[in-house]
Amino acid sequence: RCTVDDRVTRVAWLNRSTILYAGNDKWSIDNRVVILSNTKTQYSIKIHNVDIYDEGPYTCSVQTDNHPKTSRVHLIVQVPPQIVNISSDITVNEGSSVTLMCLAFGRPEPTVTWRHLSGKGQGFASEDEYLEITGITREQSGEYECSAVNDVAVPDVRKVKVTVNYPPYISNAKNTGASVGQKGILQCEASAVPVAEFQWFKEDTRLANGLEGVRIESKGRLSTLTFFNVSEKDYGNYTCVATNKLGNTNASIILYGPGAVHDGGNAASRAAAGLCLWAALFARLLLDF
């Protein structure tokens, strides 16, 4: 807007050195620029659909009876934050180094932050366009959120999924008791990325699904070995082996009958402790005799 009075004889609007309007005559070829008001008190133009290239100085030039006068205004164009380039979802092996990129544009220039959206909540990661993770761990897998903020509009938010491969780790394998003629189930649970494949062994013999009245079912992290009709020969030590492309691990699981003494943590040590107890009692009886 440009305020004028009745002494003004000529008026013009300029953008830098380019004439936009002279009086009611349009000099600019930009159809977004229009005359808004040309009266004895006001000479104003309007710019539709402003973009960043419109930013800069605008000059209202007026001619009076005595001498020319100018009034200058600087147009500042604000642009909402926009993420223009961000890393794709990525899969890496545990221990690798990872760099995530998030480039954003806006006026004023937006602040870019990274956050790790873990199961424990939002963890602060970095206040930078680049997030560098050295020696990544399995706990650092998941979604990472990039946020671009400049207070002109709501933040622009994008996410990147980071998958961390790691070898199998058997987290649950308990000894189980079952009576002869009843159903018995051994379970083996393993964490791994990619998901582990399971195999079952009794001593050195690999068990096959459907043979000798057993069924092997593996789904996700869990594998089960089911005995539909437990017999004496089924009792003993079984080995669960979990494997993926990064490695393998195994655990020993015992199927025992009624009256057997076992615990879920270390059946072998429990058995050894029992033998020691009997030996001590036997020695005491000999001394008393």
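All residue numbers here refer to positions counted from 1 along the written sequence of the relevant chain. Reporting in this predicted model follows two pLDDT cut-offs: at least 70 for local features of residues, and 80 or more for side-chain atom pairs to be given and counted; totals over whole chains, interfaces and linings ignore these cut-offs and use all residues. Note that water and hydrogens are dropped before the side-chain values are worked out from all heavy atoms of the structure.

J.: I would appreciate a short explanation of the confidence of the model for the protein chain in the present structure.
T.: Detailed reading of the predicted model is not advised wherever pLDDT is low. Scored by pLDDT, the protein chain has a mean of 86; 88% of the residues are at 70 or more. Within the protein chain, strand β9 (residues 90-93) carries the highest mean pLDDT (97), whereas helix α1 (residues 267-288) carries the lowest (36). The predictor's confidence in any single residue is recorded as pLDDT, a number from 0 to 100. By the convention used here, residues are in contact when the closest approach between their heavy atoms is within 4.5 Å. pLDDT under 50 marks residues 264-289. Its contacts with residues more than four places away, or in other chains, come to nine contacts. Helix and strand assignments follow DSSP, with helices taken as H or I runs no shorter than four residues and strands as E runs no shorter than two, numbered in order from the N terminus.

J.: Whenever I open this one, the nonpolar core confuses me. Can you help?
T.: In summary, soluble globular proteins display a tendency toward joint burial of nonpolar side chains. Buried Ala, Val, Leu, Ile, Met, Phe, Trp, Tyr and Cys residues form a nonpolar core when they are joined through side-chain atoms within 4.5 Å. With a 1.4 Å probe rolled over the protein chains alone, any residue whose accessible area is under 20% of its type maximum counts as buried; one over 50% counts as exposed, and the rest are partly exposed. L186, W200, L225, F227 and Y238 are the most contacted members of the largest nonpolar core, which has 22 residues in total. Mapped by element, the contributors of at least two residues to this core are β17 (184-193), β18 (197-202), β20 (214-219), β21 (222-227), β22 (236-244) and β23 (247-256). Counting residues per element, this core draws most heavily on β17, at four residues. With near-sequence residues (within four places) excluded, L225 lies in contact with G184, I185, L186, W200, L207, V214, R215, I216 and Y238. In this structure, I83, V98, V112 and V160 belong to the second largest nonpolar core, which totals 18 residues.

J.: I tried to follow the pattern of salt bridges on my own but got confused; where do I start?
T.: A pair can form between side chains of opposite charge whenever their charged atoms are brought close. The term salt bridge refers to a side-chain nitrogen of Lys or Arg lying within 4 Å of a carboxyl oxygen of Asp or Glu. This model, assessed by the stated rule, comprises eight salt bridges. Across the pair R221 and E189 runs a salt bridge whose closest N-O atoms are separated by 3.5 Å. Residue R221 is located in the loop between β20 and β21, and its partner E189 is located in strand β17; the two are separated by 32 residues in the primary sequence. According to the relative accessible area criterion, R221 is partly exposed, its value standing at 44%.

J.: Help me out: how do you make sense of the environment of M101 in this one?
T.: Here M101 shows up in strand β10 (residues 98-107). Sequence separation of M101 and C146 is 45 residues, and the distance between their C-alpha atoms is 9.0 Å. Not counting residues within four places of it along the chain, the set of residues in contact with M101 comprises N85, I86, S87, W114, E129 and Y130.

J.: How should I be thinking about the sheet that holds strand β8 (residues 79-86) in this particular structure?
T.: Think of a sheet as strands paired side by side through backbone hydrogen bonds, with each pair either parallel or antiparallel. Sheet architecture is open: three strands sit in the order β8-β10-β13, paired in antiparallel fashion. Of all the strands in the sheet, the pair left with one neighbour each is β8 and β13 (130-133). The mean angle between the axes of side-by-side strands here comes to 20°, regardless of whether they run parallel or antiparallel. DSSP calls a pair of strands paired once it identifies at least 2 bridges connecting them. Sheet topology places β10 next to β13; four bridges connect them, and they run antiparallel. Within β13, the position partnered with M101 by the bridge is Y130. Convention adopted: a line fitted to C-alpha atoms gives each axis, helices being fitted over their contacting stretch, and angles between N-to-C directions are expressed from 0 to 180 degrees.

J.: Is there a simple way to think about the packing of aromatic side chains in this case?
T.: Aromatic ring pairs are described here by two measures, namely the spacing of the ring centres and the angle between the planes. Two rings belonging to Phe, Tyr or Trp (six-membered ring only in the last case) form a pair when the distance between their centres is within 6.5 Å. Interplanar angles under 30 degrees mark stacking, angles over 60 mark edge-to-face geometry, and anything in between is tilted. Evaluation of the coordinates by the stated rule reveals one aromatic pair. Considering the side-chain rings of F227 and Y238, the 5.4 Å spacing of their centres and the 65° angle between planes classify their relative orientation as edge-to-face. Within this pair, whereas F227 is found in strand β21, its partner Y238 is found in strand β22, the two being separated by 11 residues in sequence. The pair F227 / Y238 is uniform in exposure class, with both members buried.

J.: It is not clear to me how the state of the cysteines should be interpreted in this structure. Could you clarify?
T.: Throughout this description, disulfide means a covalent bond between two cysteine sulfur atoms. By convention in this document, the label disulfide applies to cysteine sulfur atom pairs within 2.5 Å. All chains considered together, the criterion is met by three disulfides. What pairs with C2 in a disulfide is C60, and their sulfur atoms sit 2.0 Å apart. Its S-S torsion of approximately -80° makes the covalent link between C2 and C60 left-handed. Here C60 lies in strand β6 (residues 56-64) and C2 lies in the segment before β1 (8-15), a separation of 58 residues in the sequence. Each of the two residues, C2 as well as C60, counts as buried. Between C188 and C240 runs a disulfide, and the two sulfur atoms are separated by 2.1 Å. Handedness here is read from the sign of the S-S torsion; for C188 and C240, about -80°, the answer is left-handed. Of the two residues, C188 is situated in strand β17 and C240 in strand β22; the sequence distance between them amounts to 52 residues. In this structure C188 comes out as buried when scored by relative accessible area, which is 0%.

J.: Looking at this structure, I do not really get the sheet that holds strand β3 (residues 25-26). What am I missing?
T.: Overall, antiparallel pairing links the five strands, which are arranged β3-β2-β1-β6-β7 in an open sheet. Sheet topology places β3 and β7 (68-75) at the edges, where each strand pairs with a single neighbour. Relative to β3, strand β2 (residues 18-22) is paired through two bridges, and the arrangement is antiparallel. Bridge pairing links A22 to D25 in β3.

J.: What's the story with unusual backbone geometry in this structure? I'm lost.
T.: Across the chain, the bulk of peptide bonds are trans and the bulk of non-glycine residues have phi less than zero. Geometrically, the link from R107 to P108 is a cis peptide bond, its omega value of 0° lying close to zero. As for its position among the elements, P108 is in the loop between β10 and β11 (111-118). Cis geometry is found at the peptide bond from V193 to P194, where omega equals -5°. Positionally, P194 belongs in the loop between β17 and β18. Here the phi dihedral of N49 falls at roughly 50°; this positive angle occurs in a residue that is not glycine. You can see N49 is positioned in the loop between β5 (43-47) and β6. Despite not being glycine, E203 has its phi angle at roughly 55°, a positive value. Tracing the backbone through its elements, the reader meets E203 in the loop between β18 and β19 (205-206).

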